[in-house]
Amino acid sequence: AQSVTQPDIHITVSEGASLELRCNYSYGATPYLFWYVQSPGQGLQLLLKYFSGDTLVQGIKGFEAEFKRSQSSFNLRKPSVHWSDAAEYFCAVGAMEYGNKLVFGAGTILRVKS
Amino acid sequence: DTAVSQTPKYLVTQMGNDKSIKCEQNLGHDTMYWYKQDSKKFLKIMFSYNNKELIINETVPNRFSPKSPDKAHLNLHINSLELGDSAVYFCASSQATVHNYGYTFGSGTRLTVV
């Protein structure tokens, strides 16, 4: 069965600093991997996704993520964080053979200090 | 213009009542889902439908009954509401092709049972 671990419950970074949010997954085949962002009281917005090919994927809002098969990781990065990036971030792994089910990690809350 | 819309946005009700949440998508997707987000923000799939056919039915009490009158709608009916049903319920949709795989979420329905 698929599973996702986001080891950091909270992360605080200064505005303008770089950011890396960690995600480790467990899945037997080539995974489909996603990062979503949820602002308070809002739904989830897709930041980026990985299916195959180039292991460094670019997303919206200046985010990127790198797929590392050897480490079963899909970490999210941003070179310079803005105050508006404060939100909760969810990593997810999908399997089309299981009815397109997405399994989410527990989320990482990002706080940005000025 | 809203891609996935849920109604109502907020629902406060007493224990033992029956309530419904409606979801509609105008993206032409063929698969729709219900997810529950608990107080710890953990997202767990409840159901998914593909072209009106039930595909995923996770371990959910049978007080919860999804209904899909057509592929653009997926409603959730809950009987005999309990305190533990309080959560945010998200509807989502997706297209089941590799390059379009990834959910579009509604903005959620916050259910409070008192």
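Above this text sits the structure in question.
Each chain carries its own residue numbering, running from 1 in the written order of its sequence. Throughout, the order in which chains and ligands are written sets their labels, letters from A for the former and numbers from 1 for the latter. pLDDT decides what is reported in this predicted model: residues at 70 or higher carry local features, side-chain atom pairs at 80 or more are listed and counted, and totals for whole chains, interfaces and linings draw on all residues regardless. Excluded from the side-chain calculations are hydrogens and water; all other atoms, namely the structure's heavy atoms, are used.

A. Local environment of the interface of chain B and chain A. The criterion used for residue contact is that any of the two residues' heavy atoms lie within 4.5 Å. Between chain B and chain A, the contact holds 27 residues from the first and 23 residues from the second. Take the accessible area each of two parts loses on contact, using a 1.4 Å probe, and add the two losses: that sum is the buried area. Here chain B and chain A share an interface that buries about 1,900 Å² over both sides, 59% of which is from carbon and sulfur atoms. One speaks of a salt bridge when a side-chain nitrogen belonging to Lys or Arg is within 4 Å of a carboxyl oxygen belonging to Asp or Glu. Taken together, the links from chain B to chain A amount to two salt bridges. Residues E58 of chain B and K101 of chain A are paired through a salt bridge, measuring 3.3 Å at the closest nitrogen-oxygen approach. Polar contact is defined as a pair of N or O atoms within 3.5 Å, subject to the rule that within protein one atom must be able to donate a hydrogen and the other to accept it, and that residues adjacent in sequence are counted only when both atoms are side-chain atoms. In this assembly, chain B and chain A are joined by six residue pairs in polar contact (both at pLDDT 80 or more). For the purposes of this entry, the term helix denotes a DSSP run of H or I that reaches at least four residues, the term strand denotes a run of E that reaches at least two, and both are numbered from the N terminus. Sorting the residues of the side of chain B that touches chain A by element identifies β4 (31-37), β5 (43-50), β6 (53-57) and β9 (87-94) of chain B as the ones contributing at least two each. Considering every element that reaches the side of chain B that touches chain A, the biggest residue donor is β4 of chain B, with four residues.

B. Broad picture of the packing of aromatic side chains. What counts as a ring pair is set by centres within 6.5 Å for rings of Phe, Tyr and Trp (its six-membered ring), and what kind of pair is set by the plane angle: stacked under 30 degrees, edge-to-face over 60, tilted for all other angles. Inspection of the entire model under this criterion finds 18 aromatic pairs over all chains. Here the aromatic rings of Y36 of chain A and F104 of chain A are separated by 5.8 Å at their centres, their planes lie at 55 degrees, and the arrangement is tilted. With Y36 of chain A in strand β5 (residues 32-38) and F104 of chain A in strand β11 (residues 101-104), this residue pair connects regions lying 68 residues apart in the sequence. Residue Y36 of chain A is classed as buried on the basis of its relative accessible area of 0%. Taking the centre distance of 5.6 Å and the plane angle of 85 degrees together, the rings of F104 of chain A and Y35 of chain B count as edge-to-face. With F104 of chain A in strand β11 and Y35 of chain B in strand β4, this pair bridges two chains. Considered together, F104 of chain A and Y35 of chain B belong to a single accessibility category, that of buried residues. An aromatic cluster of at least three residues, connected via ring pairs, comprises Y32, F34, Y36, F51, F90 and F104 of chain A together with Y33, Y35, F90, Y103 and F105 of chain B. Buried residues are those whose accessible area, probed at 1.4 Å on protein chains only, stays under 20% of the maximum for their type, while exposed residues exceed 50% and partly exposed ones sit between those limits.

C. Region of the structure containing the pairing of strand β9 (residues 73-78) of chain A. Residue and element names in this part refer to chain A. β9 sits mainly inside the fold: five of its six residues count as buried. Strand pairing is defined by DSSP finding a minimum of two bridges between the two strands. When strand β3 (residues 19-21) meets β9, the two strands line up antiparallel, connected through three bridges. Along β9, the bridge assignment pairs E20 with R77. Looking at chain direction, strand β8 (residues 64-68) and β9 are connected through five bridges and run antiparallel. Residue pairing across strands places K68 opposite S73, the latter belonging to β9. Where β8 folds back onto β9 in an antiparallel hairpin, the turn is made up of four residues, including S72, whose phi is positive at roughly 50 degrees.

Keep in mind these values describe shape, not function.
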